[in-house]
Amino acid sequence: MQARVRDLEERRRARKAAVIDTDVHEMLVSERDLVPYLAEPWRSRVAAVDGWKEPAFPYSYPQVAGVAMADAVMDDGRPAGSDLGVMRRQLLDPYVVERAILVSSFHPTNMKVQPEFAGALASAYNDWLIENWLDKDRRLLGSVTVAAQDPQGAAREIDRVGSDRRFVQVILPAVPHHHFGRSFYHPIFEAAERNGLAVAFHQSNATETAIGLPTYYIEWHTAISQTWQSQLIGLIAHGVFDRFEELRVAMIESSWTWVPHLMWRFDHNYRSLRREVPWVKRMPSEYIRERVRFSTQPMEYPEDPEDLWRMFEMIGSEDFLMFSSDYPHWDFDSPYHVLPGSFPKEIRRRILYDNAKEFYGL
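In what follows, the accompanying structure is described.

## Regarding the pattern of salt bridges
So, point 1. Enumeration according to the criterion identifies 16 salt bridges in this entry.
So, point 2. Close ionic contact of D93 with R139 constitutes a salt bridge, the shortest N to O distance being 2.7 Å. Placement of the pair is D93 in the loop between helix 3 (84-92) and strand 2 (97-102) and R139 in the loop between helix 4 (115-132) and strand 3 (140-145), with a sequence separation of 46 residues.
So, point 3. On the accessibility criterion, D93 (44% relative accessible area) is partly exposed.

Listed below in structure tokens is the structure:
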């Protein structure tokens, strides 16, 4: 009983402490929001009565409000996450969010055709983000949207906006049809490193599992971490961290309890098979601990909270995990309840604030 009282007291104190949220989703009302930021010949493709629209997510959502929290849905039909005032009332102010890193749900990289159009959309989105979000609240930080199917064009876009220090990372979709470890994509990592930006991977409408799109949303939502795992393995095996020695990578909304297994298996195989990849100079687990960070959401919650803490300890680093709420989505996590009491107070503070501050150099 005394332990429970102490835990409640700690949580009350935590409510007064600042938080850094590494996964907050701003939303377009529609693709036509980008029209003022597009030049011809691209503008008319979006502005037309039946203009271009981003491909839809393949599943219907079984939640009450679709992908969103029920109380984040707008009465006038605008999507959750499209109104800064509502975001302030629901997230930034009540949870004392000192910095919120905006992670776009708009991914021109998903387009398999018309790469020049995809690049124009990415540039327009970045300009829209600056004017409608970053300029309006100093707590907001941005992710550079690119069209990665054209790595040279993506690098130019990173250089174009990378001098704006409100951008802290380049966002790439965790999708199976782009193997980002390949040298073809190196210009993106080179530009991110040149501009002092991290590179973050997040799911998109095109994210699939190892078997493609399974029958049900619950299958997809349970299995999609396979894509982040494959991308991380590829980055290490292709020597991306060796080539770009200052590169930092964030795996956002990938979950994280799979990390110990991946490190153990990868290290074991490296000991036996490293002759195949002589450019990889260190144990895979060392790159992961030193150069890769993960977000808390979505958290797995075993019946025994001590099991989650033991899983955290197995990774061997206090720095690897950063808090994320995933606002305004249905599986939103509050910073006051995301970490069970099995996590020591000083570790909770690192996860809720210090790790992100250090990783992003805030």
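Once you've had a look at it, read on.
## Topic: the packing of helix 10 (residues 259-273) against helix 12 (residues 305-315)
So, point 1. Their axes nearest at 9 Å, the elements helix 10 and helix 12 cross at an angle of 35 degrees. Once helix 10 is placed against helix 12, the crossing between them reads as left-handed. Across the interface between the two elements, V259, P260, M263 and W264 of helix 10 pack against M311, M314 and I315 of helix 12.
So, point 2. The residue inventory of the contact of helix 10 with helix 12, partitioned by class, reads 7 nonpolar, no polar and no charged.

## Some thoughts on the side chain of H186
So, point 1. Mapped onto the elements, H186 comes out in helix 6 (residues 186-194).
So, point 2. In contact with H186, not counting residues within four places along its chain, are G181, V240, R243 and F244.

## A closer look at the sheet that holds strand 3
So, point 1. What the 8 strands build is an open sheet, ordered 1-2-3-4-5-6-7-8; its pairing is parallel. Among the strands making up the open sheet, the edge pair consists of strand 1 (19-24) and strand 8 (321-322).
So, point 2. Across 3 bridges, the pairing between strand 5 (residues 198-202) and strand 6 (residues 249-251) is parallel. Bridge assignment links F201 to a residue of strand 6, and that residue is M251.
So, point 3. Along the sheet, helix 13 (residues 345-360) contacts strand 1, strand 2, strand 4 (167-173), strand 5, strand 6, strand 7 (292-295) and strand 8; its crossing angle with strand 1, the most-contacted strand, is approximately 70 degrees.

## Considerations on the packing of aromatic side chains
So, point 1. This model, assessed by the stated rule, comprises 31 aromatic pairs.
So, point 2. Considering the side-chain rings of W42 and F117, the 5.9 Å spacing of their centres and the 25 degrees angle between planes classify their relative orientation as stacked. In this pair, W42 is assigned in the loop between strand 1 and helix 2 (43-47) and F117 in helix 4, connecting sequence segments 75 residues apart.
So, point 3. Measuring from centroid to centroid gives 5.9 Å for Y95 and F332, while their planes differ by 50 degrees, and the two rings are tilted. In this pair, Y95 sits in the loop between helix 3 and strand 2 while F332 sits in the loop between strand 8 and helix 13, placing the two residues 237 residues apart along the sequence.
So, point 4. Since its relative accessible area comes to 16%, Y95 is described here as buried.
So, point 5. Cluster of aromatic residues (ring-pair linked, three or more members): W42, W52, F106, F117, Y125, W128 and W133.
So, point 6. Looking at R45, its charged tip hangs above the ring of F117, at a distance of 5.5 Å from the centre.
So, point 7. Across the ring face of Y287, the terminal group of R282 is positioned such that the distance to the ring centre comes to 5.6 Å.

## Here's the deal with the nonpolar core
So, point 1. M87, W256 and F294 are the most contacted members of the largest nonpolar core, which has 103 residues in total.
So, point 2. Among the elements that make up this core, the one with the highest residue count is helix 4 (9 residues).
So, point 3. Discounting residues that sit within four places of it in the chain, W256 has contacts with F294, S295, T296, M299, E300, L308, M311, F312, I315, F320, L321 and F343.
So, point 4. Formed by 16 residues, the second largest nonpolar core is a distinct cluster that contains L141, I171, A356 and F359.

The rules behind the values
Residues numbered from 1 in each chain as written. Predicted model: local features only at pLDDT ≥ 70, side-chain atom pairs only at ≥ 80, totals over all residues. Heavy atoms only, no water. Salt bridge = Lys/Arg side-chain N within 4 Å of Asp/Glu carboxyl O. Helix = DSSP H or I, 4+ residues; strand = E, 2+ residues; numbered from the N terminus. Buried < 20%, exposed > 50% of the residue type's maximum accessible area, 1.4 Å probe, protein only. Axes fitted to C-alpha atoms, helices over the stretch in contact; angles between N-to-C directions. Left-handed = near helix turned anticlockwise from the far one by under 90°. Contact = heavy atoms within 4.5 Å. Nonpolar A, V, L, I, M, F, W, Y, C, P; charged D, E, K, R; others polar. Pairing = 2+ DSSP bridges. Phe/Tyr/Trp six-rings, centres within 6.5 Å; stacked < 30°, edge-to-face > 60°. Lys NZ or Arg CZ within 6 Å of the ring centre and 35° of its normal. Core = buried A, V, L, I, M, F, W, Y, C linked by side-chain atoms within 4.5 Å.

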